[in-house]
Amino acid sequence: MDPVVVLTLVAVIVVVFLMASAVRIVPQARRYNIERFGRYRRTLQPGLNLVLPVADRVNTKLDVREQVYSSDPRPVITEDNLVVNIDTVLYYQITDPRSAAYEVADYLQAIDQLTVTTLRNVIGSMDLEETLTSREEINSRLRAVLDDATGKWGIRVNRVEIKAIDPPATIKEAMEKQMRAERDKRAAILHAEGERQAKILTAEGTKQKDILEAQGTQQAMILRADGEAKAVELVFQAVHRNNADPKVLAYKYLETLPHLASSDNNTFWVIPGELTEAVRTVTRAFGDQPTEGPPRTARPEEAATADATPAEGRPPELDAAAAAHEAEKQAAAAVSDAKAEAVEAAQSSRTPHRGQTSAG
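This text gives an overview of the structure that appears in the document. A quick note: this is a predicted structure, and the numbers were derived from the prediction, not measured.

Before going further, it helps to examine the overall build of the protein. Scanning the protein from N- to C-terminus turns up ten helices and nine strands. In the protein, buried positions account for 22% of the 360 residues. Taking as baseline every contact in the protein between residues at least 6 positions apart, the subset at least 24 positions apart corresponds to 63%. If you sum the accessible surface of the protein, you get close to 25,400 Å²; carbon and sulfur atoms cover 57% of it.

So, in structure tokens, the structure goes:
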């Protein structure tokens, strides 16, 4: 082969290589740090860039998007000397590619170690309960410390979150027992409150029921008394309007006595105290009239003789005593007759029942 042709081909290949090495295409959201003979020269932006072949080279390629870094659980001691394992999630973004490449050797490891150190300082001033309930405060304090330290590294920490806090197994068991006891306590309190409210409502309902029943009974008694009073008033008016004779009233009074023993459940009956007076009234009503014939009108001379001379020459006081004694005898006889009629009425009312029983 002709040496000229060979040299031409070599020259073309070298030119193509140099042109290819002089062109750098940077993707979006990427940054390339360029070094010339080992010294930082510039940072390439996204797009087409030209560099000096052979002299310039790409040292680091960095992603400037926000990234997430999750650390492994690290043991941390609380103020009350309890060891808890805490793992964090870090959201960061590279703002200065040159500082991120040349100010720190490994920015992820540096951020991880700084997070663990700051976390131990923060958790060391809190007890376990405060640690479990103060995540927002821990996150804000971690972010403030990391953002201040990583600023010179060209990194901005946007957010720090505690992913999990794992206390020891014994502490978990104790916490579960405590929570169970608290739940049982709240359940017992709620149950007691429910029973208390139920008893109060039941008592109020019973009270209202008794009040309403008493009011109903009161109204019923008032209405019954009004009805009886009106009935008595009507009977009284009817009696006075018809001008009933005392003889009739006394007879009706005695006529009701046999009905006292007419009921099957009555084992005894009571004779009222006014019975003697009623019998005396009947005696006075019927005792002065003869048994046969119409009443006879006394002659004037007989009346005068009777008024002037007592019967059979006896004093008036003896005649009055004899009349009272006779009236008492008649009253006793009337009472005996009334008792006999009542007993006969009671026996007659019980006789059909006995007959029915024997027949059955």
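This is not the end of the story, as more comes after the structure.
With the rule as written, the count across this model stands at two aromatic pairs. Geometrically, the ring pair formed by Y92 and Y107 is edge-to-face, given 6.1 Å between the ring centres and 65 degrees between the ring planes. Separated by 15 residues along the polypeptide, Y92 in strand β8 (residues 83-94) and Y107 in helix α3 (residues 107-123) bring together distant segments of the chain. According to the relative accessible area criterion, Y107 is buried, its value standing at 16%.

In terms of nonpolar packing, the biggest core is built from 28 residues, with I86, L90, L119, I138 and I155 touching the most fellow members. Elements that contribute at least two residues to this core include exactly β8, α3, α5 (135-150) and β9 (155-166). Element by element, the count of residues in this core is highest for α3, at six residues. Setting aside its immediate chain neighbours within four residues, I138 contacts L119, V122, I123, M126, T131 and I162. By size, the runner-up hydrophobic cluster in this structure holds five residues, among which are V26, I34, L44 and V51.

Contact geometry for α3 and α5: axes closest at 10 Å, N-to-C directions at 140 degrees. The orientation of α3 with respect to α5, classified from their angle, is oblique. For the pair α3 and α5, the crossing hand works out as right-handed. Of α5, the residues touching α3 (which contributes I111, L114, T115, T118, L119, V122 and I123) are I138, R141, L142, V145, L146, A149 and T150.

Each value, and the rule that gives it
Residues numbered from 1 in each chain as written. Predicted model: local features only at pLDDT ≥ 70, side-chain atom pairs only at ≥ 80, totals over all residues. Heavy atoms only, no water. Helix = DSSP H or I, 4+ residues; strand = E, 2+ residues; numbered from the N terminus. Buried < 20%, exposed > 50% of the residue type's maximum accessible area, 1.4 Å probe, protein only. Contact = heavy atoms within 4.5 Å. Areas by Shrake-Rupley, 256 points an atom, 1.4 Å probe, with all protein chains shown as cover. Phe/Tyr/Trp six-rings, centres within 6.5 Å; stacked < 30°, edge-to-face > 60°. Core = buried A, V, L, I, M, F, W, Y, C linked by side-chain atoms within 4.5 Å. Axes fitted to C-alpha atoms, helices over the stretch in contact; angles between N-to-C directions. Parallel < 35°, antiparallel > 145°, perpendicular 65-115°, else oblique. Left-handed = near helix turned anticlockwise from the far one by under 90°.

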